[in-house]
Amino acid sequence: MLRIYQNSYRRTAKKAVVYSTKVACCNHSTLCNITSHPRRPPHDQHSSGSGNGRQRQHEEFLLAGNPARGWSIPPPSRGYGMLVVRILRGALKLRYLVLGGAIGGGVSLSKKYEDWKDGLPDMNWLKDAMPQGERWSQFSKNLLEVGAVVKNAIDIDPELKQLSEDKLSEWRSWFDSRLDDAIKAADYQGTQIVETKEDLTSKTTVAALGITTDESRKKFEKMQNQVETLQTEIMNVQIKYQKELEKMEKENRDLRTQYILLKTNKKSSAKKIKKSLIDMYSEVLDELSGYDTGYTMADHLPRVVVVGDQSSGKTSVLESIAKARIFPRGSGEMMTRAPVKVTLAEGPYHVAQFRDSEREYDLTKESDLADLRREVEFRMRASVRGGKTVSNEVISMTVKGPGLQRMVLVDLPGIISTMTVDMASDTKDSIHQMTKHYMSNPNAIILCIQDGSVDAERSNVTDLVMQCDPLGRRTIFVLTKVDLAEELADPERIRKILSGKLFPMKALGYYAVVTGRGRKDDSIEAIRQYEEDFFKNSKLFHRRGVIMPHQVTSRNLSMAVSDRFWKMVRETIEQQADAFKATRFNLETEWKNNFPRLRESGRDELFDKAKGEILDEVVTLSQISAKKWDDTLTTKLWEKLSNYVFENVYLPAAQSDSFNTMVDIKLRQWAEQALPAKSVEAGWEALQQEFISLMDHSKKSQDHDGIFDQLKSAVVDEAIRRHSWEDKAIDMLRVIQLNTLEDRFVHDKAEWDQAVKFLETSVTAKLTQTEETLSQMFGPGQMKRLTHWQYLTQDQQKRRSVKNELDKILKNDSKHLPTLSYDELTTVRKNVQRENVDVDTDYIRQTWFPVYRKHFLHQALQRAKDCRKAYYLYTQQGAECEIACSDVVLFWRIQQVIKITGNALRQQVINREARRLDKEIKAVLDEFSEDDDKKAHLLTGKRVLLAEELIKVRQIQEKLEEFINSLNQEK
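Conventions adopted
Residues numbered from 1 in each chain as written. Predicted model: local features only at pLDDT ≥ 70, side-chain atom pairs only at ≥ 80, totals over all residues. Heavy atoms only, no water. Helix = DSSP H or I, 4+ residues; strand = E, 2+ residues; numbered from the N terminus. Contact = heavy atoms within 4.5 Å. Areas by Shrake-Rupley, 256 points an atom, 1.4 Å probe, with all protein chains shown as cover. Salt bridge = Lys/Arg side-chain N within 4 Å of Asp/Glu carboxyl O. Buried < 20%, exposed > 50% of the residue type's maximum accessible area, 1.4 Å probe, protein only. Disulfide = S-S within 2.5 Å. Core = buried A, V, L, I, M, F, W, Y, C linked by side-chain atoms within 4.5 Å. Phe/Tyr/Trp six-rings, centres within 6.5 Å; stacked < 30°, edge-to-face > 60°. Pairing = 2+ DSSP bridges. Axes fitted to C-alpha atoms, helices over the stretch in contact; angles between N-to-C directions. Polar contact = N/O pair within 3.5 Å; in protein donor to acceptor, adjacent residues only side chain to side chain. Arc of directions from axis to C-beta. Parallel < 35°, antiparallel > 145°, perpendicular 65-115°, else oblique. Left-handed = near helix turned anticlockwise from the far one by under 90°. Nonpolar A, V, L, I, M, F, W, Y, C, P; charged D, E, K, R; others polar.

**Q** Describe the overall build of the chain, listing the residues and the values that go with them.
**A** A count of helices and strands for the chain gives 32 helices and 11 strands. Counting contacts in the chain only where the partners sit at least 6 residues apart, residues at least 24 apart contribute 77% of the total. Accessible area of the chain: about 58,500 Å², with a carbon and sulfur share of 52%.

Below you can see the structure in the form of structure tokens.
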């Protein structure tokens, strides 16, 4: 297309240009040298039209006026026309170039956009997840209506509202400032990255020509890592802000709730929520289940215990009484693995709720019923631990609904006669023992369930019931599945069972029920309707009149059990309350005798007190003086570093020909690799040591309570185990230590004296360790053997013989190398053979090492003494000093590194690590506070156990009295 425009332009130019003129303007004259080409013929094919004719006439006039010049001057209008034509030509060329560039750029940009679009992730799932169209509009409208209703319904106190808004504004301003800082940092990094990318583009262009290196690639990767790190930090700030907003919203809701409650109490302070009798009684049983887990004689409160063989229909009977299918089911599988206490109460809505949960399950909805059954099964399986099949832990729940009879029932695992391979070996005995425990309560009502579809002789439950209640004064017998029994059993046999003449056991009453048609999906209403229809039309129960009408249906059974339950409660509750009064009196007397000046405090109260003391000690950690931190850190650092300095720096350098060069190499390698990590480790141990010393110091105070020691130790150990030093501290220390070790000149006399003292102290300590090693290797001296009646072992005698020969070598050559030559080893071995001591070369080398170490340390100590007053000589001669003081310079450099590192670690401890340790301790305390087993393990002793029992008995006794008062008012 561009070529077509150019050809058109050329044709137009040929028509427009007759002569080409070159004009050179002079500096101080208006005259111009005009050079014209030979004039075209007058009848040229390009010279047509009136305009061209006038132009020719003008040219002829000019030529006529200048016959002697040999050239012609074009008219002025032609020169201006040529200039205009040139301008037009340039403009046209520029237009075509711009047009072509725009078209090419558009194509390239479109291709780039398509590539970028293809690289985006698939976001079609949002269309399915988010409502669209009318659904979204309706959802937004409903949400606005709910917000308006809630806003109008809740009248918040202006002061309370202002308080919450101020606090929220404070958090919002804090986040905005942090976000602004992050954005500024991102802009700064982004500016650097943009500049770097421009440089990188130029470098990449040069790389295409073969000029660049890999440095640009590494720099670009580093910038990418910085961008990713910055994005991660911004994301973390956003997450933190979101969590704080959620926390503030929760606090705001709590404040609103408290305000509404306070406002309600002001209007009607005399009104109190009155609990029902059955709820109050159930709370007493819940308290007892936590207090008396062994079911001793202290817990004789009435309850209905549902017992029966496995798959006899006892769970179905309980569900029929509760009017809801609330328990999980299995085909022949043991489903009831733990006692389930069900409190039935009358209420306007049919709901269920666990004791330790706030959720209410709507029993009229199948989805809530399914969730309830899953939760029951989960709690049962969670209660079974240690490879057991059944558990003694009670699962407590409440079921309320219209027409429910008030009572407390306990569903127990079914009694089995044979165990399967997937059961624990003690399953059968555990179920028998658990059933006996519940039935042994003299005030418990036993609901004995018998399967009517199987032979009565196969029953196991009747024998257990007869053992616990031989007279049948608190037993109610229930025959289930009578619809199947009508088809299979002899009517006379059923009559004997329901009249109490077939089994030797006795009972207060005998009932027949139908618990279903064997369909899992049948509702309780359908089952009850089927039961009513069956008893109306049954030949066995209706036409022949085998039993009385009040002995059939689950409805009659539930009323009979409820009546008997409340009768038993009224007869025995006073006696039980008196028993707990006596127990409380005995416990209070025992407490006064053992702990007369202490108040009875339970584990929760003691834990809170210990928590406060531990947090106070953490605050004290920040009050330690800087000098004490420096001393502790210096000591810890030298403990960590001394062995490396001697074994890997000092001794190898002393063995080399160039001591200072070897020292520089070793120190730089050390500072780049192991020194920073070892320093952080020393700081961590110093922090741990100081905190533990504070805890130990608090034990010496007069008001110290030793009951918290075990808990405090466990919390501190766990927090220190979790605590770790910040990673960036290692990089910071590495830079500081490398810069410090670069200094090789001692600046003044005071530092020189300190370095000499440090060298002498360190060498003396190392010499003491070496002498202890030699003492163990060579045995006690002659004086000690005489005074303490000690003898040398055979190995010690051999060592002494070798040592004598080695001492001769060192005496002849005081500057001996650290290793023995082959000739020296042979000489020592032959010399000791003359004393009938046979040793090999390795044995000699093992003996030589500590002997030479002692010799070298003595020499180093002597050099340190010689260098005490050699500072001015050192300043004048430097490394070429007549007295060899390179050891002093080395230990001065080590001393400076320890000082600088200790100072940096102290600042990190005070500014960062103490607060991070405080957070770890708080997190551990929060975890321990929610773990009752952990608190019971860490807070123990007679004082704690007695206080816990006294508090529990007092609570039970007070609840019993409250229940008795309400029961008497109902009468």
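What follows picks up the thread again.
**Q** A description of the pattern of salt bridges should follow, citing residues and the corresponding values.
**A** The tally for this structure, following the rule as stated, stands at 48 salt bridges. Here Arg-374 ties to Asp-371 by a salt bridge, and the two come within 2.2 Å at their closest N and O atoms. Here the residue Arg-374 and the residue Asp-371 both occupy positions in helix 10 (residues 366-383), the gap between them amounting to three residues, near one helical turn. The class of Asp-371 is partly exposed, set by a relative accessible area of 24%. Among the salt bridges present, the one from Glu-647 reaches Arg-853, with a minimum N-O distance of 3.0 Å. Of the two residues, Glu-647 sits in helix 19 (residues 626-655) while Arg-853 sits in helix 28 (residues 841-866), which places them 206 residues apart along the sequence. The network of salt bridges with shared partners includes Asp-664, Arg-668, Glu-672, Glu-742, Arg-744 and Arg-893.

**Q** Hey, could you go over the state of the cysteines for me, with residue numbers and the actual values?
**A** Tallied over the full model, the rule gives one disulfide. Here Cys-867 is linked by a disulfide to Cys-885, with a sulfur-sulfur distance of 2.2 Å. Here the S-S torsion is close to -105 degrees, and the disulfide linking Cys-867 with Cys-885 is therefore left-handed. With a gap of 18 residues between them, Cys-867 in the loop between helix 28 and helix 29 (871-877) and Cys-885 in the loop between helix 29 and helix 30 (886-929) connect regions that are remote in the sequence. A single burial state applies to Cys-867 and to Cys-885, both of which are buried.

**Q** So what's going on with the nonpolar core? Residues and values would help.
**A** Counting residues in each nonpolar core, the largest one holds 99 residues, and the members touching the most others are Leu-621, Trp-752, Leu-806, Leu-890, Ile-894 and Ile-921. When residues of this core are assigned to their parent elements, the largest contribution, 17 residues, is made by helix 30. Each residue touching Leu-806, except ones within four places of it in the same chain, is listed here: Leu-820, Val-828, Ile-844, Thr-847, Trp-848 and Val-851. Among the nonpolar cores identified, the runner-up in size contains 65 residues, and Phe-327, Val-478, Val-513 and Val-953 belong to it.

**Q** Go over the packing of aromatic side chains with me, naming the residues and quoting the values.
**A** Evaluation of the coordinates by the stated rule reveals 17 aromatic pairs. The interplanar angle of 65 degrees and the centroid separation of 4.9 Å between the aromatic rings of Trp-638 and Phe-758 together place this pair among those described as edge-to-face. Remark: Phe-758 occurs in helix 24 (residues 749-778) and Trp-638 occurs in helix 19; sequence separation between them is 120 residues. Pair check on accessibility: Trp-638 and Phe-758 agree, each one buried. Centre to centre, the rings of Tyr-852 and Phe-856 are 6.5 Å apart; their planes meet at 25 degrees, and the pair counts as stacked. Of this pair, Tyr-852 and Phe-856 both sit in helix 28, four residues apart, which is roughly one turn of that helix.

**Q** Residues and numbers for the sheet that holds strand 7 (residues 395-401), please.
**A** Spatial ordering of the open sheet is given by 6-5-7-4-8-3-9-10-11, a layout of nine strands whose pairing is mixed. On the outer flanks of this sheet lie strand 6 (361-362) and strand 11 (509-512), each paired with one strand and no other. Bridge count for strand 4 (residues 340-346) against strand 8 (residues 407-411) is five bridges, and the pairing is antiparallel. Pairing of Val-342 across the sheet is with Leu-409, part of strand 8. Packed on one face of the sheet, helix 9 (residues 314-322) meets strand 3 (304-308), strand 4, strand 7, strand 8, strand 9 (445-451) and strand 10 (475-480) and runs near 155 degrees to strand 8. Contacting strand 3, strand 9 and strand 10, helix 12 (residues 461-468) crosses the sheet at an angle of about 160 degrees to strand 9.

**Q** Before we move on, could you go through the environment of Glu-600 and cite the residues and values that matter?
**A** Within the secondary structure layout, Glu-600 lies in the loop between helix 17 (554-594) and helix 18 (603-621). In contact with Glu-600, not counting residues within four places along its chain, are Trp-591, Glu-605, Ala-947, Leu-950, Ile-951 and Arg-954. A polar contact of 3.5 Å, which involves the side chain of Glu-600, links it to the side chain of Trp-591. Within the local environment of Glu-600, its side chain forms a polar contact with the side chain of Arg-954, the two groups lying 3.0 Å apart.

**Q** I'd like a rundown of helix 12, residues and numbers included.
**A** Taken as a whole, helix 12 has its buried residues at Val-461, Thr-462, Leu-464, Val-465 and Cys-468. Along the long axis of helix 12, the arc covered by the buried residues comes to 160 degrees, so they all point the same way. Buried residues along helix 12 sit in contact with strand 3, helix 11 (427-439), strand 9 and strand 10.

**Q** Go over the pairing of strand 7 with me, naming the residues and quoting the values.
**A** Counting buried residues along strand 7, five of its seven residues qualify, which places the element largely inside the surrounding structure. Judged from the seven bridges that link them, strand 4 and strand 7 form a sheet pairing that is parallel. Residue pairing across strands places Ala-345 opposite Lys-400, the latter belonging to strand 7. Summarising the sheet, strand 5 (residues 351-354) and strand 7 pair through four bridges and their orientation is antiparallel. Note that in strand 7 the partner of Gln-353 across the bridge is Thr-398.

**Q** Would you mind going over the packing of helix 24 against helix 28 in detail, with residue names and values included?
**A** For the pair helix 24 and helix 28, interaxial distance at closest approach is 9 Å and the crossing angle is 155 degrees. Taken together, the axis directions place helix 24 and helix 28 in an arrangement best described as roughly antiparallel. The interaxial crossing formed by helix 24 with helix 28 has left-handed handedness. In contact with Val-756, Leu-759, Glu-760, Val-763, Thr-764, Lys-766, Leu-767, Thr-770, Glu-771, Leu-774, Met-777 and Phe-778 of helix 24, helix 28 contributes Gln-846, Thr-847, Pro-850, Val-851, Arg-853, Lys-854, Leu-857, His-858, Ala-860, Leu-861, Ala-864 and Lys-865.

**Q** Quick one: what's the story with the packing of helix 19 against helix 24, residue by residue and with numbers?
**A** As a packed pair, helix 19 and helix 24 sit with axes 12 Å apart at the nearest point and diverge in direction by 85 degrees. Judged by the inter-axis angle, helix 19 sits roughly perpendicular to helix 24. Side by side, helix 19 and helix 24 meet where Trp-638, Asn-643, Phe-646 and Glu-647 of the first sit next to Phe-758, Ser-762, Val-763 and Lys-766 of the second. A per-class count over the contact of helix 19 with helix 24 returns four nonpolar, two polar and two charged.

**Q** Tell me about the environment of Tyr-361, residues and numbers included.
**A** You can see Tyr-361 is positioned in strand 6. Residue class for Tyr-361 comes out buried when judged on its relative accessible area of 4%. Here the alpha-carbon distance between Tyr-361 and Leu-372, two residues 11 residues apart in the chain, equals 6.8 Å. Setting aside anything within four residues of it in sequence, one finds Tyr-361 in contact with His-350, Val-351, Ala-352, Phe-354, Asp-368, Asp-371, Leu-372 and Glu-375.

**Q** So, the environment of Val-304: which residues are in play, and what are the values?
**A** Relative to the assigned elements, Val-304 resides in strand 3. With 134 residues separating them in the primary sequence, Val-304 and Tyr-438 have C-alpha atoms 9.4 Å apart. The residues touching Val-304, leaving out its near neighbours within four places in the chain, are Val-408, Leu-409, Val-410, Ile-445, Leu-447, Val-561 and Phe-565.

**Q** Just give me the short version of unusual backbone geometry, but keep the residues and values in it.
**A** For Ser-311, which is not glycine, the phi dihedral falls at a positive 65 degrees. Given a relative accessible area of 47%, Ser-311 falls into the partly exposed group. The phi torsion at Lys-323 lies on the positive side, around 60 degrees, for a residue other than glycine. Among the structural elements, Lys-323 can be located in the loop between helix 9 and strand 4. Given the relative accessible area of 26%, Lys-323 is considered partly exposed.

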